[in-house]
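Fold and contact review
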Amino acid sequence: MTHQLPTLPYEMNALEPYITANTLSFHYGKHHQAYVTNLNNLLKDHPLANASLEEVIVKSVGKADMMGIFNNAAQVWNHTFYWHCMKPNGGGKPSNAFKKKLEETFGSYEKFCEEFKQAAVTQFGSGWAWLVVDQSGQLKILKTSNADLPMAHDCVALLTCDVWEHAYYLDYQNRRPDYIDTFLKHLINWDFVEAQLPK
Ligand code: MN
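Source: prediction; values computed, not measured.

Rules used in this analysis
- Each residue is numbered by its place in its chain's sequence as written, counting from 1.
- Local features in a predicted model are, by the rule used here, given only for residues with pLDDT of at least 70; side-chain atom pairs are given and counted only at 80 or more, and totals for whole chains, interfaces and linings are based on all residues.
- Excluded from the side-chain calculations are hydrogens and water; all other atoms, namely the structure's heavy atoms, are used.
- Start and end points for every domain follow an automatic or database-based domain assignment.
- It only takes one pair of heavy atoms within 4.5 Å for two residues to be counted as in contact.
- Buried area: the accessible area, evaluated with a 1.4 Å probe, that two parts lose upon being put together, summed over both parts.
- Between Lys or Arg on one side and Asp or Glu on the other, a salt bridge is scored when a side-chain nitrogen of the former is within 4 Å of a carboxyl oxygen of the latter.
- Polar contact is defined as a pair of N or O atoms within 3.5 Å, subject to the rule that within protein one atom must be able to donate a hydrogen and the other to accept it, and that residues adjacent in sequence are counted only when both atoms are side-chain atoms.
- Each metal's donors comprise the N, O and S atoms found within 2.8 Å of it (within 3.2 Å for Na, K or Ca). Water is not part of the atom list, so some coordination spheres may appear incomplete.
- What counts as a helix is a DSSP run of H or I of at least four residues, what counts as a strand is a run of E of at least two, and both are numbered from the N terminus.
- Relative accessibility decides the category of a residue: with a 1.4 Å probe and only protein chains considered, values under 20% of the type maximum give buried, values over 50% give exposed, and everything between is partly exposed.
- Only Phe, Tyr and Trp rings are paired, with Trp represented by its six-membered ring, and only when their centres lie within 6.5 Å; those with planes under 30 degrees apart are stacked, over 60 edge-to-face, the remainder tilted.

A few points about the domain arrangement of the protein
By the assigned domains, the protein splits into domain 1 (21-84) and domain 2 (96-195). Just the C-alpha atoms count here: the centres of domain 1 and domain 2 sit 21 Å apart. Facing 20 residues of domain 1, the contacting portion of domain 2 comprises 23 residues. Each partner contributes to the roughly 1700 Å² buried at the junction of domain 1 and domain 2, and carbon and sulfur atoms together form 71% of this total. On the domain 1 side of the contact with domain 2, Thr 23, Phe 81 and Tyr 82 bury the most area, a combined 36% of that side's loss. Linking domain 1 with domain 2 are zero salt bridges. Between the two partners, domain 1 and domain 2, sit eight residue pairs in polar contact (both at pLDDT 80 or more).

Right, dumping it as structure tokens:
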């Protein structure tokens, strides 16, 4: 099985002015593509050559001899998930039902934004900020380094923000906090986030 670069769920310029076509052309067209290409090269003649992407991730996590496979497979998954977490005219508050869930867990929608931003800003170096559901069914904010992801921690991902510099540097340079604010205010696709809730 050959892993494919999935289609972007919107046009390359659809998230402007918040994320430019220039950023997306590199981020999706070069970075995401490179993870797909590297993964296919690493899986050539490998016992996991015919496994699904999720299976590759779960079977390679924490294994020293499969670090390259895990990193590339997880980054393929993370980026596909991230693209779907955004949409043109997104951001702001979710539906009343989901807003209530956020309020039950974090106290208020604003408090959720604060905690999510805090995780995204304080992730040292490359990584991801997440809203997840943990094993006990609780909403939780996580931050992970490099390619690490919720499924490696028995959590279900609902929302992510890529905080690798390549995600924002062309548009925001070193101003990661501004990128996170913009993500929360203008980009989150709450319909997608809510659809990830375990039934
Ligand atoms: Mn990225």
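From this point, things continue past the structure.
Some remarks on the coordination of the manganese ion
At this site the manganese ion is bound by His 27 (NE2), His 79 (NE2), Asp 162 (OD) and His 166 (NE2), with donor distances of 2.0 to 2.1 Å. Of note, the donors binding the manganese ion are all from one chain and are spaced H-x51-H-x82-D-x3-H. Pair noted here: His 27 is in helix H1 (residues 21-42) and His 166 is in the loop between strand S3 (156-162) and helix H6 (169-172), with a separation of 139 residues, a long-range link.

Details of the side chain of Gln 75
With respect to the helices and strands, Gln 75 occurs in helix H3 (residues 67-84). In this structure, Gln 75 is in contact with His 32, Tyr 35, Trp 128, Asn 146, Ala 147 and Trp 164, ignoring residues within four places of it in sequence.

Focus: the pattern of salt bridges
Counted according to the given criterion, the structure contains seven salt bridges. Where Lys 100 meets Glu 104, a salt bridge forms, and the shortest distance between an N and an O atom there is 3.9 Å. Of this pair, Lys 100 and Glu 104 are both found in helix H4 (residues 96-106), four residues apart, which corresponds to roughly one turn of the helix. Taking the relative accessible area as the measure of exposure, Lys 100 reaches 51% and is therefore exposed. Among the ionic pairs, Lys 117 bridges to Asp 181, the shortest N-O distance being 3.1 Å. Here Lys 117, found in helix H5 (residues 109-122), pairs with Asp 181, found in helix H7 (residues 176-187); they are 64 residues apart in sequence, far enough to count as distant. The exposure class of Asp 181 is partly exposed, given its relative accessible area of 30%.

Thoughts on the environment of Met 12
Counting through the fold element by element, Met 12 comes out in the segment before H1. With 16 residues separating them along the chain, Met 12 and Tyr 28 place their C-alpha atoms 8.9 Å apart. Aside from chain neighbours lying at most four places away, what touches Met 12 is Thr 20, Ala 21, Leu 24, Ser 25 and Tyr 28.

A look at the packing of aromatic side chains
The geometry of an aromatic ring pair is captured by the separation of the ring centres together with the interplanar angle, meaning the angle of the planes. The full count for this structure, using the stated rule, is 15 aromatic pairs. Between Phe 81 and Phe 192, the aromatic rings sit 5.2 Å apart at their centres with planes inclined by 65°, giving edge-to-face as the arrangement. Placement of Phe 81 in helix H3 and of Phe 192 in helix H8 (residues 190-195) is noted, with a sequence separation of 111 residues between them. Phe 192 gets classed as buried once you look at its relative accessible area, which sits at 18%.

What to know about the environment of Tyr 179
Take Tyr 179: it is sitting in helix H7. Classification of Tyr 179 as buried rests on a relative accessible area of 1%. When residues no more than four places from it in sequence are discounted, the contact partners of Tyr 179 are Ile 19, Tyr 82, Cys 161, Asp 162, Ala 167, Tyr 168 and Tyr 172.

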